[in-house]
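Overview (structure and organization)
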Amino acid sequence: MAFDPVQKILCVGTQTGALRLFGRAGVECYCQHESGAAVIQLQFLINEGALVSALADDSIHLWNLRQKIPAILHSLKFNRERITYCHLPFQSKWLYIGTERGNIHIVNVESFTLSGYVIMWNKAIELSTKTHPGPVVHISDNPMDEGKLLIGFECGVVVLWDLKCKKADYRYNYDEAIHSVAWHHEGKQFVCSHSDGTLTTWNVRAPAKPAQIITPHGKQPKDGKKPEPCKPILKVEYKTTRAGDPFMVLSGGLSYDTVGRRACLTVMHGKSTTVLEMDYPIVDFLTLCETPYPNDFQEPYAVVVLLERDLVLIDLGQIGYPIFENPYPLTIHESPVTCCEYFADCPAELIPALYSIGSRQKRQGYSKKEWPISGGNWGQGTQSYPEIIITGHADGSIKFWDASALMLQVLYKLKTAKVFERARGKEEKPNTDIVEEDPFAIQTLSWCPESRMLCVAGVSAHVIIYRFSKQEVTTEVVQLLEVRMQCEFSDVDSPDPGGEQTPTLPTPGASSSPQEAEPPTQPTTGSNSTDGPRDNIPCLQVRSSPLKQSPGYQVELVIQLVWVSGEPPQQITSLAINSSYGLVVFGNSNGLAVVDYFQKTLLLNMGTSELYSPSDPYQRQPHSPRKARQPSGAVCDSNDGSNTTEDRCKSPTSGSTSPCNSDDERKQRFIQKVKFKSRRFSKTVANDFAKMSRKISSSSEQKPDLDAKDNSFSRSRSSSVTSIDRESREAISAFYFCESFPRKTDSLVSPCVLVGTTQGSVMMVALSLPPGGEQRLQQPVLISSCGTLARLKGGILTMALLDATGTLLPPSYEPWYDPNASDEEKEKSRKRRPASPPTSQEGQDSQFAVLCSEKQAKVVALPSQTRIYKHNITETSFVLRADVVQMAGTNCIACFCANGHIMTLSLPSLRPLLDMNYLPLTDMRIARTFCFSNMGQALYLTSPTEIQRITYSQETCDNLQEMLSELFTPVETPEAPNRGFFKGLFGGGAQSLDREDLFGETAAGKASRSLAQHIPGPGNMEGMKGAASGVVGDLARARIALDERGQKLGELEERTAAMMASAESFSKHAHDMMLKYKDKKWYQL
């Protein structure tokens, strides 16, 4: 880290060569070194708008921060020596660079050239020393004498080097290795931190022994012996105050008996020692001080601590050292992100509503002061539409982020795990450990911004439906619906051509016997335990105690899939909610289920094969006629609406009335098939799958190597695979609620659901809704499958509906109302959005269904169901994510392929509009988090901790420069500290040094060319100062121009005054001459 105390800008370097620059809230900048090498040190040119970075590949770079997008001006690559430490004195252009060999080189930061002045290690240490002192770990100049340089070597030797005389003044030796050194501002003392947990304080003129040795965390023996050694103190800072005791801040140094204790920062102030525990290991820390001058009282006011996964700022000015509330979005990875959705151009009132609720969730106990990193200026432009990002996490939490500006801001956090009981001890944990680490992880989510309804699916095969309310409620009993989804296996099991691995899930903690369920078996075994298979039990236990629900998202209904005869439920692969119909539909590899969350009933539980009509050309296996709402492919009855209110909250199959449950013979036959079916369990794969947001399918022709490591890919079978295998393996991959024509013969639109599968089939399911009001809560919703609409290559990714003019027909929705408000307020807002035009002229298509799979896109006319456009998106790769988005007043399909191409297709004609090779699939994280949104926006997780936003909109690109924030603002450098009368009289105070005379080419000569290679940038320091852009740049240029103009005007005034004085002098001399010769005759001259 580095901090500019005048500009108030903080810079953080990462292991991947990235720089993150932070100013005030909303001012943030990201830039990347091309090499990608880790950043080892950063140095600001204080108040100059420039930064020096040193990387692990032994290169140093000069960054220009005066422009909106920082750029490298110069680079220097060392060839023969490795860089270990850098130091740039305040208001100096000479950078000291220490190396692994123990030498110190000096670089001019204006020209980025090496000076011929070199401090060699063998000159710095004593001649009698027989061993190499090790790498340089510290360099700093004496605060009161710039001519004296303090050099710390790893072995424990510290040398005070006289730059003018080119010799060592003093040498300080200690037995333990040095990690860091810090000066007292008067330049008479310095402190070293060592590898045994000790701090040694040295008087500059007394090198024989330390003035003081302390072990901050060591136990002091009574017999006067040395305290027990502690862990190394990795860094120490020594800061003085005018009014009180100095502060000594250090990291590390804990005793070795504190194994397992979290990382700590220690603040020593006077006689008090405060230990501050951190959530993550400490990478670096800096003490923020009022003055940039090292020879003045430092007056520390805060400590900024960089942790592995966070940034913490501690207030030193308040008792107890509270932390500041962090305005930066650095907590996106508080728990690993497992799914991500992006909503651009959503309702304007959403962000204020979420923010007002989320602001109540903030922790208490923060510092009351303003955030001290306050540099930079906000950009002038912003997006004209609100944008929201939703992230689902491994711990079951969901976060809503405001992405309208260029910086994320967290709005609201929802914890879904509160709905479930938590296992208190190891004995209560589920006995299957496939996803024991994150049983609440979010798998996928469906959100309706207009109605604010939220539906989430977790890895433990559970679905939770939430409503948004501004009022707090206490739910006595959480509404629960258990669903039994299973797939009938054929007598002949075909081998799995893709080697697909089936993840198992944890069993519920409420089990009476830990041996009751079949443990995960190896691929060669398939027998159940002797105690019988686990059956009709969900993976998680819903809490039985009353649930206090704060304002925000509140649980409406919990749906859980249950174990079936020793088989865990399959994870949910697709999910959709519709607030206008009051329905939730979800699917997995066994089939789909439709739930009415108004009535809290299960409407349909159907196997995937049952969706096909007997007359479908795509259905190879004949089926006997079945009742429309009682398919045998799913062991579940539909609800006929005759249940009482209490019964509605139960699964229709929970009792013994289910015909399938009473069929013992068929159940036994099913169990026998399960016993002999080869199951491929992999703990690693299942854990990976537990952290996946959605199932992604790839083609069998272009299968990446990632398949063996990550279960997020499942092969698409070729047409030669039997329908038996397809029946057991075909999963539901996409849903789309719409008002359309379910059948070819229909002339009126009606509510329906488009269902897409991993085999490329798109089916229509018709919905018959009762009238609104009380009848909607009492009469059942009727559902019927209408067969296949189309068939595409590869799994279905997205579907949409257009009207005859090509306008997108979004799913109908119900405007938001507060469920806890009065009935009058509810009725005012509960008006169903008008549907699309209800009639279709005979023989004329009035709608277009847009279907996109991993391989191709099709547009089908409705109600005739004829294909009018088709486009093969890719032959050699496959599409990972596709979305129908609005852009520039029209609609298009945006696709991201595994080969890195981003493509857009026009609608409805499917003409290619864009094909850009952006980013090849190098990480499964990208595949599972990439998503498109309206207005040409997209995002993905570029690392576990960072979201990368991209745009393919020219308008956004044109406005980007204005939207970017300014890092550098013209600020006057504070005045140097006053030397005082006596110091000026008797020669005290800081001693300056003309480094140009010492390190310049005339005095020191040229450095060896082979030592380092100079890589020039676009300009030098002078060019950098005039290269600023934007408002600040204009102001800076105007100010420079005014200064120059004033200077020229001053020079002109001086010349004019000189001419006037000359003219007056001439006039006086002329007058004197005239008076002298006035009365004389010509012959007297």
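Everything quoted here is computed from the prediction, not taken from an experiment.

What counts, and at which threshold
Residues numbered from 1 in each chain as written. Predicted model: local features only at pLDDT ≥ 70, side-chain atom pairs only at ≥ 80, totals over all residues. Heavy atoms only, no water. Helix = DSSP H or I, 4+ residues; strand = E, 2+ residues; numbered from the N terminus. Buried < 20%, exposed > 50% of the residue type's maximum accessible area, 1.4 Å probe, protein only. Areas by Shrake-Rupley, 256 points an atom, 1.4 Å probe, with all protein chains shown as cover. pLDDT = per-residue confidence, 0-100. Contact = heavy atoms within 4.5 Å. Pairing = 2+ DSSP bridges. Axes fitted to C-alpha atoms, helices over the stretch in contact; angles between N-to-C directions. Disulfide = S-S within 2.5 Å. Core = buried A, V, L, I, M, F, W, Y, C linked by side-chain atoms within 4.5 Å. Salt bridge = Lys/Arg side-chain N within 4 Å of Asp/Glu carboxyl O. Phe/Tyr/Trp six-rings, centres within 6.5 Å; stacked < 30°, edge-to-face > 60°. Lys NZ or Arg CZ within 6 Å of the ring centre and 35° of its normal. Polar contact = N/O pair within 3.5 Å; in protein donor to acceptor, adjacent residues only side chain to side chain.

Summing up its helical and strand segments, the chain has 15 helices and 60 strands in all. Relative to its 1085 residues, the chain shows a buried fraction of 55%. Carbon together with sulfur atoms contributes 50% to the accessible area of the chain, which is approximately 48600 Å² in total.

It is worth spelling out the confidence of the model for the chain at this point. Summarising the model, the chain shows a mean pLDDT of 77, and 74% of its residues fall at 70 or more. Here residues 620-663 is modelled with pLDDT under 50, and outside its nearest four sequence neighbours on either side it reaches 78 contacts, counting other chains as well.

The four strands lie next to each other as 39-40-41-42, forming an open sheet whose pairing is antiparallel. Edge positions in the sheet fall to strand 39 (574-578) and strand 42 (601-607), since each has one partner strand and no second. The average undirected angle you get between the axes of adjacent strands in this sheet is 10°. Here strand 41 (residues 591-596) runs beside strand 42; their pairing, made up of six bridges, is antiparallel.

This next bit is on unusual backbone geometry. Between L862 and P863 the backbone carries a cis peptide bond, its omega angle lying at 10°. Inspection of the secondary structure puts P863 in the loop between strand 51 (856-862) and strand 52 (866-872). Between L907 and the following residue, P908, the backbone shows a cis peptide bond with an omega angle of 5°. A positive phi is found at K166, a non-glycine position, where the angle reads about 55°. Following the sequence through the fold, K166 ends up in the loop between strand 15 (157-162) and strand 16 (167-173). Given a relative accessible area of 49%, K166 falls into the partly exposed group.

What the five strands build is an open sheet, ordered 5-6-7-8-60; its pairing is antiparallel. Here the strands that pair on one side only, and so sit at the sheet edges, are strand 5 (39-45) and strand 60 (1012-1016). This sheet shows a mean twist of 15° between the axes of neighbouring strands, independent of strand direction. Pairing between strand 7 (residues 59-64) and strand 8 (residues 71-78): six bridges, direction antiparallel. Bridging across to strand 8, L62 finds its partner in H74.

Throughout the structure, instances matching the rule amount to zero disulfides. Here C931 stays free of any disulfide, with the sulfur of C340 as its closest cysteine sulfur at 4.7 Å. Under the relative-accessibility criterion, C931 is labelled buried at 1%.

Further remarks concern the pairing of strand 28 (residues 337-344). Among the eight residues in strand 28, eight count as buried, and that is most of the element. Pairing of strand 28 with strand 29 (residues 387-393), which is carried by seven bridges, proceeds in the antiparallel orientation. Note that in strand 29 the partner of C339 across the bridge is G392.

Let us look at the side chain of S251. With respect to the helices and strands, the residue S251 is situated in strand 22 (residues 247-252). In this structure, S251 is in contact with P232, I233, L234, K235, C264, L265, I282 and F285, ignoring residues within four places of it in sequence.

If you look at the biggest cluster of nonpolar residues, it comprises 43 residues, and the most contacted ones within it are I873 and I893. In terms of residue count, strand 49 (residues 796-803) provides more of this core than any other element does, six residues in total. With residues near it in sequence (within four places) discarded, I873 still touches C852, S853, K855, Q856, A857, V879, C895, C897, M903 and L905. Judged by nonpolar contacts, the second largest core, of 35 residues, contains I357, Y412, F420 and V558.

Now for the environment of A938. Assignment of secondary structure puts A938 in strand 58 (residues 937-943). C-alpha of A938 to C-alpha of F343: the two residues are 595 residues apart in sequence and 9.6 Å apart in space. If we ignore the near neighbours within four places in the chain, the residues touching A938 are Y342, F930, C931, F932, Q948, R949, I950 and Y952.

This part takes up the pattern of salt bridges. Using the criterion set out here, one finds 21 salt bridges in the structure. A salt bridge links K93 to E110; its shortest N-O distance comes to 3.8 Å. With K93 in the loop between strand 9 (83-87) and strand 10 (94-99) and E110 in the loop between strand 11 (104-108) and strand 12 (113-119), this pair connects stretches of sequence that are 17 residues apart. Overall, E110 belongs to the partly exposed group, its relative accessible area being 32%. The partner of E299 in a salt bridge is R242, with the nearest N and O atoms 4.0 Å apart. Here E299, found in the loop between strand 25 (282-289) and strand 26 (300-307), pairs with R242, found in the loop between strand 21 (233-239) and strand 22; they are 57 residues apart in sequence, far enough to count as distant. The exposure class of E299 is partly exposed, given its relative accessible area of 25%. Take R242: its relative accessible area is 54%, and that puts it in the exposed class.

Inspection of every chain in the model, using the stated rule, returns 21 aromatic pairs. In this structure, K235 packs its charged tip against the face of F285, placed 5.2 Å from the ring centre.

So, about the pairing of strand 40 (residues 583-587). With respect to burial, strand 40 is a largely interior element, five of its five residues being buried. Burial along strand 40 is two-sided: L583, V585 and G587 and V584 and F586, pointing in opposite directions, are all buried. In this structure, strand 39 lies alongside strand 40, joined through five bridges in antiparallel fashion. Its bridge partner being in strand 40, I577 is matched across the sheet by V584. Linking strand 39 to strand 40, which pair antiparallel, is a turn of four residues; within it G582 sits at a positive phi near 75°. In this structure, strand 40 lies alongside strand 41, joined through five bridges in antiparallel fashion. What sits directly across from F586, in strand 41, is A593. Here strand 40 hands over to strand 41 after three residues, the two strands then running antiparallel side by side.

If you trace the backbone, N108 turns up in strand 11. Accessibility expressed as a relative area gives 9% for N108, which makes it buried. The spatial distance from the C-alpha of N108 to the C-alpha of S92 is 9.3 Å, given a sequence separation of 16 residues. In contact with N108, other than residues within four places in its own chain, are K93, W94 and T113. Looking at N108, its side chain comes within polar contact range of the main-chain nitrogen of S111, at 3.5 Å.

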